[in-house]
Each structure stands twice: as C-alpha cells, then as structure tokens.
Amino acid sequence: MTDVAEEAGWATAKTLAEALPYIQIYDRETVVIKYGGHAMGQEEVAKVFAADAVLLKLLGVHPVVVHGGGPQISRMLDKAGVKSTFVDGLRVTDEATMEVAEMVLSGAINKEIANWITLAGAEADVRGVGLSGKDARLITAEKVTRTRKDPDSNIEQVVDLGFVGEPTKVDPHLIQALLTSETDYIPVIAPIGVSTEGETFNINADTVAGALAGALKAKRMLMLTDIKGVLDGNGELIREMTVDQARELIASGVATGGMIPKLENAIHAIEAGVEAVVILDGRRPHAMLVELFSEHGAGTLISK
C-alpha cells in the first residue's frame with residue numbers, strides 16, 4: 001500500500017468517526033427529501049443521489065423521496081404536440097396535459113428513481129418503491145383556486161388552472177408500513193393526488209413534500225434545489241433562520257421568485273410538526289450527507 005493510499009484510508013476513518021454523533025441523532029428518524037431541479041435530469045448526478053439515499057438507509061435513517069419533473073413534462077408535451085399555456089407563471093393543466101404529466105411523473109421519472117435506488121442498494125438489498133399520491137389514498141387533493149386582479153378594471157378574477165391541485169389530506173399509513181418493514185424500503189413518491197370524486201390532480205412537488213413531512217412528523221425535510229440555499233440582501237448564504245425570519249424575508253421582498261413558495265412550504269411543514277427544513281443545492285454531490293452528518297451543514301436550515 002502506498003503512503004498516499006494509507007493516508008486516504010486514515011482520512012476516511014477520521015471522517016466516519018466525526019460523523020458518529022450525527023448518525024446517532026438521525027438513527028431511526030424520518031427524513032423527507034424533495035428531489036428536483038435540473039440535477040434530476042442528469043443521469044450521473046441522479047445515480048449519486050440514489051447511492052446517497054441507500055447510504056442514509058443503511059446508516060439507520062428512514063429516507064422518503066418526493067420528486068418533481070417540470071422540465072421533463074415540458075419536453076414530453078412538446079414531443080406530443082400538446083401546447084402549454086401559463087397564467088402568472090403557472091402552467092394550466094388541461095385534460096391532455098394531465099395525462100402527459102401523470103405518465104411522466106408516475107411512470108418514467110418515478111420508476112427510474114426507484115430503480116436507481118434498487119440498483120445502488122442491491123448488495124445490501126435496499127429497495128426503491130415507486131408510488132404516487134393515488135396509491136392507498138396517500139394524497140387526497142382538491143382543485144387549486146387562484147385569483148388575480150384585472151389590469152383594466154382592478155377587479156379580482158378567479159383563474160382556472162385546470163387539473164392543478166393541493167393536498168387536503170395525507171394518509172401516511174402505507175409509507176409508515178414501508179419504513180418499519182423488515183426489508184429496507186425507500187419510498188419514492190410522484191406528486192399526483194386524487195380528489196374524493198376520483199379526479200386526478202398534478203400537485204407542486206414542494207407542497208407534497210411539506211405535507212408528507214408534516215404527516216410523518218419528520219425530523220428533517222431536505223429541499224434539493226438548483227441554488228446553494230436562501231440568500232440575504234447581499235447575495236450571501238443564510239446558514240440558519242427561524243420561521244419568523246423566513247416570513248420577514250418574504251415580506252421585505254428579499255426573497256423573490258421561486259424562493260417564496262419554497263419558504264412558505266418550509267414554514268407550513270414546521271408548523272405541522274417537522275423539526276427543521278433545509279434548502280440546499282442538490283447539484284453538489286453528497287449534499288445530503290454533508291448536511292446531515294457534518295458540523296457545517298450544506299444549505300439554509302429553517303426551524304422554529
């Protein structure tokens with residue numbers, strides 16, 4: 001063995017030893033992971049994510065994955081010749097769009113992530129299980145209602161977004177059964193819900209992750225994104241913040257665009273019983289491991 005290889009071995013042992021206190025903190029705790037962003041479309045990055053999810057399971061954590069798929073839906077709609085319309089940046093989901101969205105989310109993406117997890121965990125028999133909110137009454141949803149002011153009359157108007165929904169009830173029994181099974185299962189959930197009348201709805205994946213994390217009383221919710229975390233007015237990363245500080249960030253206009261709904265979902269999840277939410281850069285390899293098992297963390301931690 002060369003000196004370099006021997007030093008690398010000692011460095012690995014040191015890293016594992018330093019991680020022990022954090023491994024004990026998360027032992028048998030549930031961590032809900034919102035997996036999305038452009039990193040999800042890169043096969044090599046996705047395989048690293050799958051391997052990290054397996055490692056979490058083998059270290060005693062109960063990971064639950066909720067995934068998005070907006071870019072993939074857009075590509076499939078283009079391929080199918082289905083034109084998308086948007087209202088205030090939100091996709092209007094008509095019947096044809098809903099069929100494509102469910103096919104992409106519950107079919108292609110969901111099963112691919114579950115299979116990558118199963119392949120990564122083959123030696124230890126860790127298995128990914130692909131589900132959607134339609135399975136076992138996991139997510140009951142209702143139609144989203146949105147309003148906007150008419151620029152001419154200044155009158156509030158109801159905007160019909162079609163089959164876009166939001167969760168009204170999450171039944172975690174199936175997920176809990178998988179997590180407590182003798183077999184090491186990792187649930188992978190597509191953000192599709194169904195109404196009490198049987199209508200299928202496409203739901204924002206951040207919203208599903210927050211609602212599910214609340215129902216499971218998760219120790220952590222990790223929101224993997226395309227940015228390093230929440231930034232302050234100077235563009236610097238905020239390492240930690242409270243729910244009140246998150247609200248202030250929204251009210252003051254420092255948080256803009258897609259960060260606003262992420263913070264709102266984080267606040268709702270914490271109010272529903274999640275201990276803390278972390279917004280972090282999912283494009284960086286092993287970001288989840290750095291966040292959970294190191295002193296420094298990898299993004300912005302939001303708690304009460």
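Here the structure is a predicted model, which is why all the values come from computation and not from measurement.

Q: Even after reading the chapter, I still don't get the pairing of strand β12 (residues 200-203), so can you show me in this structure?
A: Moving residue by residue along a regular strand, the side chains alternate between the two faces of the sheet. Burial along β12 is two-sided: the residues T200 and N202 and F201 and I203 are all buried. In the sheet, strand β9 (residues 164-170) pairs with β12 via 2 bridges, with the strands oriented parallel. Its bridge partner lying in β12, G165 is registered against I203.

Q: In this structure, what is going on with the environment of A120? I would like to understand it.
A: Turning to its location among the elements, A120 is positioned in helix α4 (residues 95-120). On the basis of relative accessible area, A120 is assigned to the partly exposed category, the value being 39%. Taking C-alpha positions, A120 is 21 Å from D27, a pair spaced 93 residues apart along the chain. When sequence neighbours within four positions are dropped, the list of residues in contact with A120 reads A50, A51 and V54.

Q: What exactly am I supposed to notice about the layout of surface pockets here?
A: By rolling a water-sized probe across the atoms, one finds the places where empty space is left. Of the voids in this model, the largest pocket is the one considered here, and its volume is about 1400 Å³. Forming the walls of the largest pocket are 44 residues, and the residues nearest its centre are L90, I203, N204, A205 and D206. Counting residues per element, the ones that place at least two in the lining of the largest pocket are α3 (70-80), β4 (90-92), β9, β12, α6 (205-216), β13 (220-225) and α8 (259-271). Broken down by element, the residue count for the lining of the largest pocket peaks at 7 residues, all from α8. For the lining of the largest pocket, the class distribution of residues is 19 nonpolar, 17 polar and 8 charged. In this structure, the second largest pocket spans a volume of roughly 330 Å³. Forming the walls of the second largest pocket are 15 residues, and the residues nearest its centre are T15, L16, A19, F293 and S294. For the lining of the second largest pocket, the secondary structure elements donating two or more residues are α1 (3-25) and α9 (287-293). The leading source of residues in the lining of the second largest pocket is α1, at 7 residues. Tallied by class, residues from the lining of the second largest pocket come to 9 nonpolar, 4 polar and 2 charged.

Conventions adopted
- Residues numbered from 1 in each chain as written.
- Predicted model: local features only at pLDDT ≥ 70, side-chain atom pairs only at ≥ 80, totals over all residues.
- Heavy atoms only, no water.
- Buried < 20%, exposed > 50% of the residue type's maximum accessible area, 1.4 Å probe, protein only.
- Helix = DSSP H or I, 4+ residues; strand = E, 2+ residues; numbered from the N terminus.
- Pairing = 2+ DSSP bridges.
- Contact = heavy atoms within 4.5 Å.
- 1 Å grid on protein atoms, 1.4 Å probe; cavity = no way out; pocket = protein on both sides within 12 Å on 5 of 7 lines; lining within 4 Å.
- Points joined across faces, edges and corners; volume = space filled by probe spheres on them.
- Nonpolar A, V, L, I, M, F, W, Y, C, P; charged D, E, K, R; others polar.

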